[in-house]
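# Structure at a glance
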Amino acid sequence: MPKTFFITTAIDYTNSPPHIGHAYEKVLADVIARYHRLKGEKVFYLTGVDQHGQKVQQSAAKAGVPPAEFVKGVTQKFVDLWKKLDVKYDAWAETIDPRHKRVVQGMLQRLFDAGQIYKDKQSGYYSVRQEQFLTDKERGPDGEFGPEWGQVEFREEENYYFKLSQHKDWLLRYIDSAGAGHDAVIPDFRQTELRNAVERLGGDLCISRPKSRLDWGIELPFDKDFVTYVWFDALTNYISFAGYDPKIDNYEKQPQEFRDRWTKDTLQVIGKDILVPAHGIYWLIMLHAIGFPDDVMPQLLVHGWWNLGGAKMSKTAGNVIDPFALAYKYGVEALRYYLISDIATGKDADFSEERLIKRYNADLANNLGNLLNRTLNMAHRYREGIVKQVGGDSPLAAQAADLVRTYSAAMSSHEIQAAMERVGEFVTTCNAYIEMTAPWKLAKNPERAEALDHALFVLAEALRLAAILISPVLPNAAREILYQLNWSAEYTFEQTNWGGLPAKHQLGKPVPLFPRIEL
Ligand code: MSP
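This write-up is about the structure you can find in this document. (Residues numbered from 1 in each chain as written. Predicted model: local features only at pLDDT ≥ 70, side-chain atom pairs only at ≥ 80, totals over all residues. Heavy atoms only, no water.)

The subject of this paragraph is the sheet that holds strand S11 (residues 219-220). Reading across the sheet, the three strands line up as S10-S12-S11 and stay open at both edges, with antiparallel pairing between neighbours. Each having just a single partner strand, strand S10 (208-210) and S11 make up the two edges of the open sheet. Relative to strand S12 (residues 223-228), S11 runs antiparallel, the two being bridged by two bridges. For Glu219, the partnering residue across the bridge sits in S12 and is Val227. (Pairing = 2+ DSSP bridges. Helix = DSSP H or I, 4+ residues; strand = E, 2+ residues; numbered from the N terminus.)

What follows is about the site of the ligand. Taken together, 23 residues form the shell around the ligand, and within it Ile11, Glu25, Asp50, Gly271 and Asp273 come nearest. At a separation of 2.6 Å, a nitrogen atom of the ligand approaches a polar side-chain atom of Asp50. One of the backbone nitrogen or oxygen atoms of Trp306 is found 3.0 Å away from a nitrogen atom of the ligand. Protein chains bury 95% of the 660 Å² of accessible surface belonging to the ligand in isolation. Looking at the shell around the ligand, the elements that each hand over two or more residues are strand S2 (12-13), helix H1 (20-38), helix H7 (230-235), helix H8 (237-240) and strand S13 (266-271). Each residue belonging to the shell around the ligand can be placed in one class, and the counts come to eleven nonpolar, eight polar and four charged. (Near = heavy atom within 4 Å. Polar contact = N/O pair within 3.5 Å; in protein donor to acceptor, adjacent residues only side chain to side chain. Areas by Shrake-Rupley, 256 points an atom, 1.4 Å probe, with all protein chains shown as cover. Nonpolar A, V, L, I, M, F, W, Y, C, P; charged D, E, K, R; others polar.)

Further remarks concern the packing of aromatic side chains. Inspection of the entire model under this criterion finds 31 aromatic pairs. Residues Phe112 and Phe222 carry aromatic rings whose centres are separated by 3.9 Å and whose planes lie at 10° to one another, so their mutual orientation is stacked. You can see Phe112 sitting in helix H4 (residues 98-113) and its partner Phe222 sitting in the loop between S11 and S12, a full 110 residues away along the chain. Residue classification places Phe112 among the partly exposed residues on the basis of a relative accessible area of 30%. The buried category is assigned to Phe222, whose relative accessible area is 18%. One residue, Lys39, lies across the ring of Phe493, its end atom 4.6 Å from the ring centre. Looking at Arg261, its charged tip hangs above the ring of Phe44, at a distance of 4.1 Å from the centre. (Phe/Tyr/Trp six-rings, centres within 6.5 Å; stacked < 30°, edge-to-face > 60°. Buried < 20%, exposed > 50% of the residue type's maximum accessible area, 1.4 Å probe, protein only. Lys NZ or Arg CZ within 6 Å of the ring centre and 35° of its normal.)

Checked against the element boundaries, Ala419 lands in helix H15 (residues 416-437). For Ala419 and Asp225, which are 194 residues apart along the polypeptide, the C-alpha to C-alpha distance reads 52 Å.

Let's shift gears to the side chain of Arg110. Topologically, Arg110 is positioned in helix H4. Of the side chains with opposite charge, Asp249 comes closest to the buried, unpaired Arg110, at an N-O distance of 5.3 Å. Here Pro246 takes part through its backbone oxygen, which lies 2.7 Å from a polar atom of the side chain of Arg110. If sequence neighbours within four positions are ignored, Arg110 has contacts with Tyr244, Asp245, Pro246, Lys247, Ile248, Asp249 and Ile290. (Lys, Arg positive; Asp, Glu negative; His and termini not counted. Salt bridge = Lys/Arg side-chain N within 4 Å of Asp/Glu carboxyl O. Contact = heavy atoms within 4.5 Å.)

Pairing between side chains of opposite charge can happen when the charged atoms of each approach one another. If you walk through the whole model with that rule in mind, you get 30 salt bridges. Note that Asp265 and Lys264 form a salt bridge whose closest N and O atoms lie 3.8 Å from each other. Classification of Lys264 by relative accessible area gives partly exposed; the value is 45%. Bridged by salt links that share partners, the residues Asp342, Arg355, Arg359 and Asp363 form one connected network.

So, on to unusual backbone geometry. Residue Pro187 follows Ile186 across a cis peptide bond; omega there is -5°. Along the polypeptide, Pro187 turns up in the loop between strand S8 (185-186) and helix H6 (188-199). The amide bond that connects Val276 to the next residue, Pro277, takes the cis arrangement and shows omega of -5°. At Asp86, a position not held by glycine, the phi torsion is positive, near 60°. With respect to the helices and strands, Asp86 occurs in the loop between helix H3 (67-84) and strand S4 (91-94). Overall, Asp86 belongs to the partly exposed group, its relative accessible area being 26%. Here Ala438, not a glycine, exhibits a phi torsion of approximately 45°, which is positive. Residue position: Ala438 is located in the loop between H15 and helix H16 (439-442). The class for Ala438 is buried, based on a relative accessible area of 6%.

Moving on, we come to the nonpolar core. Membership of the largest hydrophobic core comes to 110 residues, with the highest contact counts inside it found for Ile7, Leu85 and Trp306. Examining the composition of this core, we find that 15 residues originate from one element, helix H17 (residues 449-470), more than from any other. Not counting residues within four places of it along the chain, the set of residues in contact with Ile7 comprises Ala29, Ile32, Ala33, Val43, Phe44, Tyr45, Leu46, Leu267 and Val269. With 65 residues, the next largest nonpolar core counts Val103, Leu111, Ile207 and Ile290 among its residues. (Core = buried A, V, L, I, M, F, W, Y, C linked by side-chain atoms within 4.5 Å.)

Purely spatial values, then, with no claim about function.
What follows is the structure, encoded as structure tokens:
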């Protein structure tokens, strides 16, 4: 039974339509998923939408429609976007799904029965925007709550609490020991950030909201006057849509289908804003409390943010970038390429349409597109499109082997931009090889016929390899290159070994692949 690589992303709030930041995360996870599929692994990619909570309730009220109707409309925009951007997932999580509700309620009931949830009274300052009570720690140097908390009001409320602090020592131990198998969090500096936050962890987690102020949520199974806190609801999606049975408290006794998916190779892709406390503290502790052993804790891959002019993108600030508009304007692959190659995983980057065009023209139109077009044109002009294996090894073969090695290392550590850079360097070398061998000169000299055949064959082989390696990021371009090379539409990672082209091979017709974007 092959192992499954289980990958998830944060599920997006449905209070407003998707922007470029949401698109980046789903494309990033899609690229990682496609890479694992290419390696022949079974992949289960889960993504979806976070439909409950106060933000959604408020946006629906503002729009003058019931929340259920409101989320349907926004959800459709996300679905359409993933389709447009070729984000290929295996399961779709919608938190209004009855299946999800059953798991959330089942988990709450179990934790309640085990004494992990209790009722208590709380009074204090409450942030409406962040849907949480605030403590003095949240006050700024001036003693006030900063603008990030939005409207803050005094409240007194009875609520249910999850015994988070009881698991603090476990979490610290887990983070410290996780390195033996794999790191709990990548990159390293985020793991340090999490550890420091856990050290400071004080109280328990309020996991309910009285229906009097929020009814757009999942009802507590043991008290119908409350709904559950949106994070408790949302985080659970990762298991509810993977076949988890909430009635079984032992991971080993979970349905086979679930255990096949949820193994120690579970990777959760999230943005830097939702590591502390949501995923790094609440989620890991929730899993531990419901009986997940340490060796199947998910690994958290924390990515940075796309900003705009150095500032955070937000709907309130009115500076969000619409991914649909960009995909229509420049093409899906241009957008995917930019989002993946102009940011280092874990770091922030600044979004710029000018950069998108620049990167596309330089790397795709001028470099890769040119290599394809020149190679095919020359092969047709001088050899009627037939390439033949003659002569000995080419220096490009050694470079290709090197490329595959460094590419794999980068991809395996999710440094997609580095992997794509390596491919880019290889393509540059191939273009330089054309200049160096000057096939147009060789073609004029019958004594150099073999040298010409050799050069054309080597270039076609290099292109075949490059196409397979770019396929996780640029699936359509890869398909198109292989089509023009007249090589199999089905391929695997193993076929990046040098020498995959038949000794005598008819190439297809050249069609410009990446037309330059003119400003
Ligand atoms: N609904 C919660 C997550 C629940 S997970 C169980 C949420 N939603 S969100 O819509 O605000 O954000 C979804 C994801 O998009 C998060 O991982 C977030 O970090 C990411 N991004 C939001 N804006 C972003 C950028 N500007 N850049 C990159 N990623 C960004 O949080």
